[in-house]
Amino acid sequence: MKKYLLLLAIAGITAAWVNKPHSLPPTVHNYSFTHYSTDGTRMYYGKDLTDINYVKGFDYICLSSSTICTFMGNTANAHTDLTGNYFYTSDVPPAGIDDSGIYYDGF
Amino acid sequence: MLRRLAIGPVPGLLVLLFVYTGFTKVFALRHFRETLYNQPFPHALAAPLAYLVPAAELSVALALVFDRTRKKGLYGAAVLLTVFTLYIAAILLHLFRRVPCSCGGIFRGLSWPQHFWVNVLLTGLTVVTIAFYSKNQFHHH
């Protein structure tokens, strides 16, 4: 066994402990506004993710069209839509509409 | 020079990488599981992978530390890095329904293409190191 490898392993454990991700405290996120797609067939709920301290690139990621973002499912938070129904954030598709009501498919 | 670079720092780099990534997941297992639930594979896979991925990473790191098992550790590292590189490639080629958040890994600030090239580099270094190890053992026997 090489000693420097053991030292690197200890350094790795220390770095992992220092940089471990912190879960957000349990809260309920109510989605604050709603839109209909231009053809009127889809309704979407929206919320400013930065408003709940989500960090771009870490908690959520935006596709090439920067108006559409998808975010990670955080089970520490209960997510409800405007009707009060709970949903999994992992089920949120990377599609949506922008503020002018134009629908983007995402792909 | 190349041989020294490959055999010297590469196992150390891999130990640091896999210990760090493995323990980051162990220390925040729930967070890692949530990250997996946001990936574009079936949810049924998320729960077992939450345990299997850190276990595999830490096993590889442990194997790399000991002289007797270092070669096996290098093969394990090559397999893990290759699997993850192929997964990123599938994301970049839009083989999945959606692009997941790239937030679960060690390089949180990196985009998927940057992640891909870092993984390609690490996989290449690992493969070169395995080649040097094999050659070294061949000459000794």
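Residues numbered from 1 in each chain as written. Chains lettered and ligands numbered in written order. Predicted model: local features only at pLDDT ≥ 70, side-chain atom pairs only at ≥ 80, totals over all residues. Heavy atoms only, no water.

Before going further, it helps to spend a moment on the overall build of chain A. When helices and strands are counted, chain A shows 1 helix and 8 strands. Look at the contacts in chain A between residues 6 or more apart in sequence, and 46% of them connect residues 24 or more apart. About 6300 Å² of surface is accessible on chain A, with carbon and sulfur atoms providing 59% of the total. (Helix = DSSP H or I, 4+ residues; strand = E, 2+ residues; numbered from the N terminus. Contact = heavy atoms within 4.5 Å. Areas by Shrake-Rupley, 256 points an atom, 1.4 Å probe, with all protein chains shown as cover.)

Under the definition given, this model contains 4 aromatic pairs over all chains. Between F116(B) and W117(B) the ring centres are 5.0 Å apart and the planes differ by 80 degrees, which places this aromatic pair in the edge-to-face class. Judged by its relative accessible area of 17%, F116(B) falls in the buried class. Counting every residue linked through ring pairs, the aromatic cluster contains W17(A), F23(B) and F27(B). A cation over an aromatic ring shows up here: K25(B) above the ring of F32(B), its NZ or CZ 5.3 Å from the ring centre. (Phe/Tyr/Trp six-rings, centres within 6.5 Å; stacked < 30°, edge-to-face > 60°. Buried < 20%, exposed > 50% of the residue type's maximum accessible area, 1.4 Å probe, protein only. Lys NZ or Arg CZ within 6 Å of the ring centre and 35° of its normal.)

On to the confidence of the model for chain B, then. All names here are of chain B. Mean pLDDT over chain B: 82, with 79% of residues reaching 70 or higher. The secondary-structure element of chain B with the lowest mean pLDDT is helix α1 (residues 2-7), recorded at 58, while helix α5 (residues 70-92) shows the highest, at 92. Interface confidence in the predicted complex, given as ipTM, is 0.78; pTM for the same model is 0.65. (pLDDT = per-residue confidence, 0-100.)

Two elements in contact, helix α1 (residues 3-18) of chain A and helix α2 (residues 9-27) of chain B, have axes separated by 8 Å at closest approach and are oriented at 30 degrees. Of the possible angle classes, the one that applies to α1(A) and α2(B) is roughly parallel. For the crossing formed where α1(A) meets α2(B), the hand is right-handed. Between α1(A) and α2(B), the contacting residues are Y4(A), L5(A), L8(A), A9(A), A11(A), G12(A), I13(A), A15(A), A16(A) and W17(A) on the first element and P11(B), G12(B), V15(B), L16(B), V19(B), Y20(B), F23(B), T24(B) and F27(B) on the second. A breakdown of the residues in the contact of α1(A) with α2(B) according to their chemical character gives 16 nonpolar, 3 polar and no charged. (Axes fitted to C-alpha atoms, helices over the stretch in contact; angles between N-to-C directions. Parallel < 35°, antiparallel > 145°, perpendicular 65-115°, else oblique. Left-handed = near helix turned anticlockwise from the far one by under 90°. Nonpolar A, V, L, I, M, F, W, Y, C, P; charged D, E, K, R; others polar.)

Looking now at a nonpolar patch on the surface. Residues and elements named next belong to chain A. On the surface, L6, L7 and I10 cluster together into a nonpolar patch covering about 280 Å² of accessible area. Relative to the helices and strands, L6 resides in helix α1. For L6, a relative accessible area of 36% puts it in the partly exposed group. (Patch = residues over 30% accessible without salt bridge, like charges linked within 9 Å, V, L, I, M, F, W, Y side chains within 5 Å. Salt bridge = Lys/Arg side-chain N within 4 Å of Asp/Glu carboxyl O.)

It is worth spelling out the nonpolar core at this point. Residues L14(B), V15(B), L17(B), F18(B), L64(B), L74(B) and L81(B) are the most contacted members of the largest nonpolar core, which totals 19 residues. Of all elements in the fold, only α1 of chain A together with α2, α4 (43-65), α5 and α6 (112-140) of chain B reach the threshold of two or more residues within this core. Counting residues per element, this core draws most heavily on α2(B), which supplies 6 residues. When near neighbours in sequence (up to four residues on either side) are disregarded, L74(B) contacts L14(B), L64(B), T126(B), T129(B), I130(B) and Y133(B). Ranked by size, the runner-up nonpolar core spans 11 residues in total, among them F41(B), Y87(B), I91(B) and W112(B). (Core = buried A, V, L, I, M, F, W, Y, C linked by side-chain atoms within 4.5 Å.)

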